[in-house]
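Close look at the chain arrangement
What follows is the residue order along each chain.
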Amino acid sequence: MHPAQIVLYGSTLCVMITVHFSMKLLAEHVLNWKKPKEQKAIVIIILMAPLYAVDSYVGLINFFGSEAFFTFLDSIKECYEALVIAKFLSLMYSYLNISLSKNIVPDEIKGREIHHSFPMTLFQPHTTRLDHHTLKLLKNWTWQFVVIRPVCSILMITLQYFEVYPSWVSWTNTIILNISVSLALYSLVVFYHVFAKELEPQKPLAKFLCIKGIVFFCFWQGIVLDLLAALGIIRSRYSWLAVERIEEGYQNILVCVEMVFFSVYQQYAYSAAPYKVNNKSSASSDKKSK
């Protein structure tokens, strides 16, 4: 069997396993739909792994697509990543019964100290008190990435389509996106440190690692592949095959494999068990009351 066929069949199997585990977990939440506000956010987060897997698989089977096509595929993943980060913070707010739209902030968490670190201290006081304004600020820091990411993606795809994409635009775009995603992730870390004790039963670290792990692997393995190509370790043996296409291929294969592990890990981090327990306990309490 040709190596390309082995890679394709292996990637197909990985995508099928990822979709299977993700849909299984999704079905469990739908069948135990106890808290819609929380579970809507969980569903969006769960779909991150299969979306990344399918997106990378499409890039793998359409190996000789245009540059704009691959940018489009990357943009889908990155825009969804932005939505997931925002929904994760919304999920944490739900766990603590915080509703900014209804101006609901529990009294027991008001007034807590938030300690900012450099470089945020250039724009914010080193220590601030938790209130409605502070929580809204943290929310805005995550949602700005949801807006900036699609805008930058549309700009990149348009410029590449019209073959007007100088290097300085690429670097500027990269800097803007890195600052934007760093700010979004920073707000999540600050929120976790302030409410680590209250959120402990909800396994927030495991939930966050599901998201951060996917982003971390996709980003850094891309950097490593770029470095290997620059060192000549990854190179093309054919004049008609660009090194960038080989890098894209390796990246897509790795993502297909990695999403299998993340879809399995999500069974623990975003388990539907707490909602099943609530259903059973509420059912038993109803029987007792009758």
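Attention here is on the structure that accompanies the text. (Residues numbered from 1 in each chain as written. Predicted model: local features only at pLDDT ≥ 70, side-chain atom pairs only at ≥ 80, totals over all residues. Heavy atoms only, no water.)

**Overview of the side chain of Ser-94**
If you trace the backbone, Ser-94 turns up in helix α4 (residues 67-95). The exposure class of Ser-94 is buried, given its relative accessible area of 9%. The contact partners of Ser-94, leaving out residues within four places of it in the chain, are Lys-37 and Glu-38. (Helix = DSSP H or I, 4+ residues; strand = E, 2+ residues; numbered from the N terminus. Buried < 20%, exposed > 50% of the residue type's maximum accessible area, 1.4 Å probe, protein only. Contact = heavy atoms within 4.5 Å.)

**Considering the layout of surface pockets**
Each pocket or cavity is described by its volume, and for the largest pocket that value is around 1,500 Å³. For the largest pocket, the lining is made up of 39 residues, of which Asp-74, Glu-78, Thr-174, Phe-219 and Asp-226 are closest to its centre. Sorting the residues of the lining of the largest pocket by element identifies α4, α5 (132-161), α6 (167-194), α8 (204-230) and α9 (243-269) as the ones contributing at least two each. Examining the composition of the lining of the largest pocket, we find that 10 residues originate from one element, α8, more than from any other. Partitioning the lining of the largest pocket into residue classes produces 16 nonpolar, 11 polar and 12 charged. (1 Å grid on protein atoms, 1.4 Å probe; cavity = no way out; pocket = protein on both sides within 12 Å on 5 of 7 lines; lining within 4 Å. Points joined across faces, edges and corners; volume = space filled by probe spheres on them. Nonpolar A, V, L, I, M, F, W, Y, C, P; charged D, E, K, R; others polar.)

**Description of the pattern of salt bridges**
Within this structure, the stated rule accounts for six salt bridges. The closest approach of N and O atoms between Asp-74 and Lys-77, which form a salt bridge, is 3.8 Å. Residue Asp-74 and its partner Lys-77 are both found in helix α4; the two are separated by three residues, about one turn of the helix. For Asp-74, a relative accessible area of 25% corresponds to the partly exposed category. Given the relative accessible area of 7%, Lys-77 is considered buried. As a salt-bridge pair, Glu-113 and Arg-129 come within 3.3 Å of each other at their nearest N and O atoms. Placement of the pair is Glu-113 in strand β1 (residues 113-115) and Arg-129 in strand β2 (residues 127-129), with a sequence separation of 16 residues. Under the relative-accessibility criterion, Glu-113 is labelled partly exposed at 38%. (Salt bridge = Lys/Arg side-chain N within 4 Å of Asp/Glu carboxyl O.)

**Focus: α5**
The terminal C-alpha atoms of α5, which comprises 30 residues, lie 44 Å apart, in line with the 44 Å expected from a rise of 1.5 Å per residue. Its side-chain oxygen at 3.2 Å from the backbone nitrogen of His-133, Asp-131 defines the N-terminal cap of α5. Where α5 terminates, the next one or two residues include Glu-163, which has phi positive at roughly 55°. (Expected span 1.5 Å × (residues − 1). Polar contact = N/O pair within 3.5 Å; in protein donor to acceptor, adjacent residues only side chain to side chain.)

**Considering the packing of aromatic side chains**
This structure, assessed with the given rule, holds six aromatic pairs. Arranged with centres 5.8 Å apart and planes meeting at 45°, the rings of Phe-88 and Phe-208 form a pair that is tilted. In this pair, Phe-88 sits in helix α4 while Phe-208 sits in helix α8, placing the two residues 120 residues apart along the sequence. Geometrically, the ring pair formed by Tyr-265 and Tyr-268 is tilted, given 6.1 Å between the ring centres and 40° between the ring planes. Of this pair, Tyr-265 and Tyr-268 are both found in helix α9, three residues apart, which corresponds to roughly one turn of the helix. For Tyr-265, a relative accessible area of 30% gives the class partly exposed. Owing to a relative accessible area of 45%, Tyr-268 belongs among the partly exposed residues under this scheme. Taken together, Tyr-93, Phe-191 and Phe-195 form an aromatic cluster joined through their ring pairs. Positioned above the aromatic ring of Tyr-268 is the side chain of Lys-203, whose terminal nitrogen or guanidinium carbon lies 4.1 Å from the ring centre. (Phe/Tyr/Trp six-rings, centres within 6.5 Å; stacked < 30°, edge-to-face > 60°. Lys NZ or Arg CZ within 6 Å of the ring centre and 35° of its normal.)

**Here we look at unusual backbone geometry**
Between Phe-118 and Pro-119 the backbone carries a cis peptide bond, its omega angle lying at 10°. In this fold, Pro-119 is placed in the loop between β1 and β2. A positive phi angle, near 60°, is found at Asn-97, a position not held by glycine. Within the element layout of this structure, Asn-97 appears in the loop between α4 and β1. For Lys-203, which is not a glycine, the phi torsion comes out positive at approximately 50°. With a relative accessible area of 27%, Lys-203 lands in the partly exposed category.

**Looking at α8**
In this model α8 runs 39 Å from its N-terminal to its C-terminal C-alpha over 27 residues, within 8% of the 39 Å that 1.5 Å per residue would give. Phi for Gly-232, located one or two positions after α8, is positive at around 85°.

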